[in-house]
Amino acid sequence: METALEDVKTRPPAPVHITVLRAHDLKGVKGDAPVTYVRAEFNNILLGDSPKLETTPNEPIEYNFTASFDIGGESPHSLDDMAHRPVLLTVIEILPKEKKQKEEKTSVLGQTAVDLLPLLRGECNFVVTVPLHPLHGSPLETLHPDAKPRLEVAVSVAVPLLTESQINQGNLLRVTMEAAYCVPDSWT
């Protein structure tokens, strides 16, 4: 993939668009209609926060929030980053203000990761539904077993990031870890 990486560095940066379409089955600390927003990050860089929206019980939240980053050229992100790092999406609840409280308090409801490997296989657009994993102490941990908090996310680029010959000459290997036991405390 070295020649592919060199070719991408010499062409102008290509924007990668991540659109959080909607969220399903969210529950907040203070009930079934929390005010929430989504934070998008890639490669340890904050891409942006969605508008703050109030949820309606038993209906999806329509975020339609798009965050973008450039790949290639003089961008700080490379194809290697896309192969190794997913886009992290965090759903955050804004807690109601209490008396004499100056700043908003927030609570992280859950996080999910969106894998960008399809873009390295020549795709320009794809939509995924990813599970929203509750953080320890989140109200999503105590949801009814049939409730499955999740986000619908669309990913797109204007043109393929790699040519067909670059894809065929590449040596991309994918390994998925389904569970981890005895992880360090800092991970949880």
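Residues numbered from 1 in each chain as written. Predicted model: local features only at pLDDT ≥ 70, side-chain atom pairs only at ≥ 80, totals over all residues. Heavy atoms only, no water.

1. Re the overall build of the protein
Then, number 1: Across its full length, the protein carries four helices and 10 strands.
Then, number 2: Going from N to C terminus, the protein has its helices and strands arranged as α-β-β-β-β-β-α-β-β-α-β-β-β-α.
Then, number 3: The buried share of the protein, taken over its 188 residues, is 39%.
Then, number 4: Taking the intrachain contacts of the protein between residues at least 6 apart in sequence as the baseline, contacts between residues at least 24 apart amount to 69%.
Then, number 5: Working note: accessible area of the protein is about 11,500 Å², and carbon and sulfur atoms make up 51% of it. (Helix = DSSP H or I, 4+ residues; strand = E, 2+ residues; numbered from the N terminus. Buried < 20%, exposed > 50% of the residue type's maximum accessible area, 1.4 Å probe, protein only. Contact = heavy atoms within 4.5 Å. Areas by Shrake-Rupley, 256 points an atom, 1.4 Å probe, with all protein chains shown as cover.)

2. Focus on the pattern of salt bridges
Then, number 1: Counting across every chain of the model gives five salt bridges.
Then, number 2: Where salt bridges share partners, they join R22, E62 and E152 into one cluster. (Salt bridge = Lys/Arg side-chain N within 4 Å of Asp/Glu carboxyl O.)

3. Observations concerning the packing of aromatic side chains
Then, number 1: Considering all chains together, one arrives at one aromatic pair under this definition.
Then, number 2: A ring pair is formed by F42 and F69, whose centres lie 4.3 Å apart and whose planes are at 15°; its orientation type is stacked. Taken together, the positions of F42 in strand β2 (residues 35–42) and F69 in strand β5 (residues 61–71) put the pair 27 residues apart, joining distant regions of the chain.
Then, number 3: Residue classification places F69 among the buried positions, given a relative accessible area of 4%. (Phe/Tyr/Trp six-rings, centres within 6.5 Å; stacked < 30°, edge-to-face > 60°.)

4. Considering the environment of P131
Then, number 1: Take P131: it is sitting in strand β8 (residues 125–131).
Then, number 2: The residues touching P131, leaving out its near neighbours within four places in the chain, are Q111, T112, P149 and R150.

5. What about the environment of T163?
Then, number 1: Its place among the elements puts T163 in the loop between β10 (150–157) and α4 (164–169).
Then, number 2: For T163, a relative accessible area of 40% corresponds to the partly exposed category.
Then, number 3: C-alpha of T163 to C-alpha of R121: the two residues are 42 residues apart in sequence and 9.3 Å apart in space.

6. Topic: the side chain of N43
Then, number 1: Mapping N43 onto the fold places it in the loop between β2 and β3 (45–49).
Then, number 2: Setting aside its immediate chain neighbours within four residues, N43 contacts P76, H77, D81 and R85.

7. With respect to the pairing of β3
Then, number 1: Examined bridge by bridge, β2 and β3 share four bridges and lie antiparallel to one another. For F42, the partnering residue across the bridge sits in β3 and is I45. (Pairing = 2+ DSSP bridges.)

8. Focus on the sheet that holds β5
Then, number 1: Pairing is antiparallel across the open sheet formed by four strands, whose spatial order is β5-β1-β10-β8. The open sheet terminates on both sides in strands that have one partner only, identified here as β5 and β8. Taking each pair of neighbouring strands and ignoring which way they run, the sheet shows an average axis angle of 20°.
Then, number 2: Of the strand pairs in this sheet, β8 and β10 are connected by seven bridges, and their pairing is antiparallel. Pairing of V128 across the sheet is with V153, part of β10. (Axes fitted to C-alpha atoms, helices over the stretch in contact; angles between N-to-C directions.)

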